[in-house]
Amino acid sequence: METSSKKIYIETYGCQMNVNDSEVIFSIMADEGFSRTEDISEADLILANTCSVRDNAEQRIWGRIEVFNQARKQHPGALVGIVGCMAERLKDKLLDTGKVDLVVGPDAYRRLPELVRAIRPDSPQIDVLLSRDETYADIKPLRTDRNGLSAFISIMRGCDNVCSYCVVPYTRGAERSRDPHSIVREACDVFSRGYREVTLLGQNVDSYLWKAEGESVNFAELLRRVASVSPQLRVRFATSHPKDISDEVIKVMAETPNICRHIHLPVQSGSSRMLEKMRRKYDREWYLERVRRIREAMPDCGLTTDVIAGFCSETEEDHLQTLSLMKEVGFDWAFMFAYSERPGTLAARQYPDDVPQEVKSRRLSEIIELQNGISLERYRAQIGKRHTVLVEGPSKRDPSWLCGRASNNMMCVFPAAEGLSPGVYADIEVTDCTSATLIGKTLLSL
Ligand code: SAH
Ligand code: SF4
Ligand code: F3S
């Protein structure tokens, strides 16, 4: 086959790290002569970059494998690969289906070209070795975002925490931080290509630490360096860990206007007993103290979170503690999940998954309902306030309106006006809202 005619199709599931990893994969495969397609029927290589964090994430992929297999039958010679966290977790179980030619874990993407070349009908290929040092620092991701404004930059890989419910340390391996110089170079590069926002990604960005030749860079210092690329470049990051977010990081944020005022600070539960069992290494009081500290330094800081309902042995009292913490903090938004037991995790090995499904679902609904009300209140509280918004493009609902995010990460819509195009900063005043969008009018700058 002629190399230049080969096409690769990737579906990406799971977190933003996977989005960035797919861009790394596109880049590696482009060097091998593959061009990207969004049409599965013309693909020579069909990949799913997968997630294992909850059982339903994996169930979805089993469904996709059937669809890929159909596409493979219709396009003889097309290959099907499963990469990412589910590849790492299930390894050759995926090959046993006979519907998959390739299984590659998150630390083995450099080997994709040789693995793809080695595939034969009776010899699928697999590499699920985890690495202590792979960060793909030297690979320039082939950005797949459409607006060309907002780029994800992975600053670290893996996770050294052992939250008892979580599969990520098993699928992503040990934590390692990427060379800060390569991170700053990447930020400069995307800025020079017109990007106006970078999001620094890691499972626990607060534990970022790079040490080499007398140089030691922590997350606060990294933030400073990336923010100094240009005052016109917005810097965001995720995810922060309540046990590790430092006063220094809060201070750097407060001092630096182009570091966005938004922290995603997953709490998981409002019950100290549950937090202990989850091995989060903080308790309710510690979490609330961190929130106080953030709000003292930045009263306008957006706060979002993740919550798990129905973890092992969770009582009604524990659940009420979660609801009361959510009220006390007043998150702008939350990702809310029912606990899903993941094989091999500490919780799966040590604690019975003993909260009945209907109780988990009821608690989750209560959490969601409470959060919807809180979100509406939080958005309503913005009415009358002014925000600087990075214009992303036309609003989906009404193309004569524009949309973009405020520094606190709230989505804003406002009427289009002369001089406002994607990548420009617009000042708006909020006039109305829903529970997920601020509606505003543009303020004319004098
Ligand atoms: N590193 C981040 C989160 C990574 S996973 C952190 O430490 O917060 C994203 C979210 O998925 C978690 O915050 C948690 O709320 C949820 N999650 C992880 N494992 C889960 C499980 N077994 N069941 C339900 N939700 C889970
Ligand atoms: Fe999972 Fe905890 Fe690591 Fe987050 S910090 S990825 S929840 S083990
Ligand atoms: Fe899922 Fe892996 Fe991300 S398990 S949440 S894709 S790190």
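Please refer to the structure higher up on the page.
Caption draft 1: Local environment of the packing of aromatic side chains. Evaluated as defined, the whole model comprises seven aromatic pairs. For the pair Phe219 and Phe237, a centre-to-centre distance of 5.3 Å together with 75° between the ring planes defines the contact as edge-to-face. Pair noted here: Phe219 is in helix α8 (residues 219–227) and Phe237 is in strand β13 (residues 234–238), with a separation of 18 residues, a long-range link. Where Phe311 meets Tyr351, the ring centres are 6.4 Å apart and the plane angle is 85°; that geometry is what we call edge-to-face. Of the two residues, Phe311 is situated in the loop between β15 (302–309) and α12 (316–329) and Tyr351 in the loop between α13 (346–350) and α14 (357–380); the sequence distance between them amounts to 40 residues. Take Phe311 and Tyr351: they sit in the same class, and that class is buried.

Caption draft 2: Region of interest: the site of ligand 2. Near ligand 2 the following residues occur: Cys159, Asn161, Cys163, Tyr165, Cys166, Val168, Pro169, Gln203, His241 and Arg280. For the shell around ligand 2, the residue count by class is six nonpolar, three polar and one charged.

Caption draft 3: Main features of the site of ligand 1. In the neighbourhood of ligand 1, 15 residues make up the surrounding shell, with Arg54, Gln203, Gln268, Asp306 and Ser340 lying closest. The separation between a nitrogen atom of ligand 1 and a polar main-chain atom of Tyr165 is 3.0 Å. Arg280 places a polar side-chain atom, nitrogen or oxygen, 3.2 Å from an oxygen atom of ligand 1. Expressed as a share of its isolated accessible area of 540 Å², the protein-covered part of ligand 1 is 90%. Counting residues per element, the ones that place at least two in the shell around ligand 1 are β15 and β16 (333–338). Across the shell around ligand 1, the residue classes break down as seven nonpolar, four polar and four charged. Split by domain, the residues of the shell around ligand 1 number at least three in each of domain 2 (145–260) and domain 3 (265–380).

Caption draft 4: A look at the layout of surface pockets. One number sums up the size of the second largest pocket: a volume of about 420 Å³. Counting only elements with at least two residues in the lining of the second largest pocket, the list comes to β17 (386–394), β18 (401–406), β19 (411–415) and β21 (437–442). Considered class by class, the residues forming the lining of the second largest pocket number six nonpolar, three polar and four charged.

Criteria and cut-off values
- Residues numbered from 1 in each chain as written.
- Chains lettered and ligands numbered in written order.
- Predicted model: local features only at pLDDT ≥ 70, side-chain atom pairs only at ≥ 80, totals over all residues.
- Heavy atoms only, no water.
- Phe/Tyr/Trp six-rings, centres within 6.5 Å; stacked < 30°, edge-to-face > 60°.
- Helix = DSSP H or I, 4+ residues; strand = E, 2+ residues; numbered from the N terminus.
- Buried < 20%, exposed > 50% of the residue type's maximum accessible area, 1.4 Å probe, protein only.
- Near = heavy atom within 4 Å.
- Nonpolar A, V, L, I, M, F, W, Y, C, P; charged D, E, K, R; others polar.
- Polar contact = N/O pair within 3.5 Å; in protein donor to acceptor, adjacent residues only side chain to side chain.
- Areas by Shrake-Rupley, 256 points an atom, 1.4 Å probe, with all protein chains shown as cover.
- Domains from an automatic or database assignment.
- 1 Å grid on protein atoms, 1.4 Å probe; cavity = no way out; pocket = protein on both sides within 12 Å on 5 of 7 lines; lining within 4 Å.
- Points joined across faces, edges and corners; volume = space filled by probe spheres on them.

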